[in-house]
Amino acid sequence: SGPAGCSTLDGSGGDCTPNPYLHVPVDIAITPDGESVYVATDLENFEDAPDVAPLVSYGRNAENGVLTSMHCFAAEAAFGCVETAGLYRPITVEATNEAVYAGPQLRNADQISGEGAAPGGLVILNRTGSDFGELTQKPVEGCWTPVAFDGCVELSTVGVVRSIAVSPDGDSLYTGGSFITVFN
């Protein structure tokens, strides 16, 4: 244990490495090559936050498992993260050596203005570059939602994605929520 052995939002009084983007971890994916770790987060307090939580990436030392904070990704570039269309409050994440898949939950409209609603769906990011944990969103098919939204591809059967699995051969992606949807 110790600072190299844990990561928290505030560093837990010096016991852990602080990561200002690591709000409430809800799911973790490690790439098969062991070089990167991706964490879907949620918010612990909605009153002082933009109702957007980031996907956080870490580089991983394959020999000892130590993590190095790398990047964060979020809709509206929340928290200073990389702008990622459709990525509001991810609740599930899956990773391959080529891509990262995240399932964000619904974002409710503001109770006063009625604005700001976002559907759940599937966000697809490509692993890129030599900077472990670095991702880019595909300009087309990088985001799938059940209704037209934010430049995402509309697909009525995607719904709120609560689980994601990639077939062992890497040829198919399965999402589960209200439906089981297969992507080839």
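What counts, and where the lines are drawn
- Residues numbered from 1 in each chain as written.
- Predicted model: local features only at pLDDT ≥ 70, side-chain atom pairs only at ≥ 80, totals over all residues.
- Heavy atoms only, no water.
- Pairing = 2+ DSSP bridges.
- Helix = DSSP H or I, 4+ residues; strand = E, 2+ residues; numbered from the N terminus.
- Core = buried A, V, L, I, M, F, W, Y, C linked by side-chain atoms within 4.5 Å.
- Buried < 20%, exposed > 50% of the residue type's maximum accessible area, 1.4 Å probe, protein only.
- Contact = heavy atoms within 4.5 Å.
- Phe/Tyr/Trp six-rings, centres within 6.5 Å; stacked < 30°, edge-to-face > 60°.
- Salt bridge = Lys/Arg side-chain N within 4 Å of Asp/Glu carboxyl O.

(A) Here's a closer look at the sheet that holds strand β5 (residues 55-60). The strand order across the open sheet built from five strands is β3-β4-β5-β6-β7, with neighbouring strands paired in mixed fashion. Two strands bound the open sheet, and with one partner strand each, they are β3 (24-30) and β7 (82-83). As paired elements, strand β4 (residues 36-42) and β5 share five bridges and run antiparallel to each other. If you follow Val-39 over to β5, its bridge partner there is Val-56.

(B) Region of the structure containing the nonpolar core. Counting residues in hydrophobic clusters, the biggest one holds 13 residues, and the most contacted among them are Tyr-38, Leu-55, Leu-87, Val-93, Val-100 and Leu-135. Within the residue set of this core, elements represented by two or more residues are β4, β8 (90-95), β9 (99-104) and β10 (122-127). The contacts of Val-100, once residues within four sequence positions are left out, are Tyr-38, Leu-55, Val-93, Glu-94, Ala-95, Val-123, Ile-124, Leu-125, Arg-127 and Leu-135. Tyr-101, Trp-144, Val-161 and Ile-164 belong to the second largest nonpolar core, which has ten residues in total.

(C) Quick peek at the packing of aromatic side chains. Evaluation of the coordinates by the stated rule reveals two aromatic pairs. Relative to Phe-183, the ring of Trp-144 has its centre 5.2 Å away and its plane inclined at 70°; by these criteria the two rings are edge-to-face. Within this pair, whereas Trp-144 is found in strand β12 (residues 143-145), its partner Phe-183 is found in strand β16 (residues 180-183), the two being separated by 39 residues in sequence. Here the two residues Trp-144 and Phe-183 agree in accessibility, since each one is buried.

(D) Quick peek at the pattern of salt bridges. Tallied over the entire structure, the rule returns two salt bridges. Residue Arg-127 pairs with Asp-33 through a salt bridge whose shortest N-O separation is 3.1 Å. Taken together, the residues span a long stretch of sequence, with Arg-127 in strand β10 and Asp-33 in the loop between β3 and β4 at a distance of 94 residues. Residue Asp-33 is classed as partly exposed on the basis of its relative accessible area of 31%. Taking the shortest distance from any N to any O, the salt bridge between Arg-89 and Asp-42 comes out at 2.8 Å. One end of the pair, Arg-89, is in the loop between β7 and β8; the other, Asp-42, is in strand β4, and 47 residues separate them in sequence.

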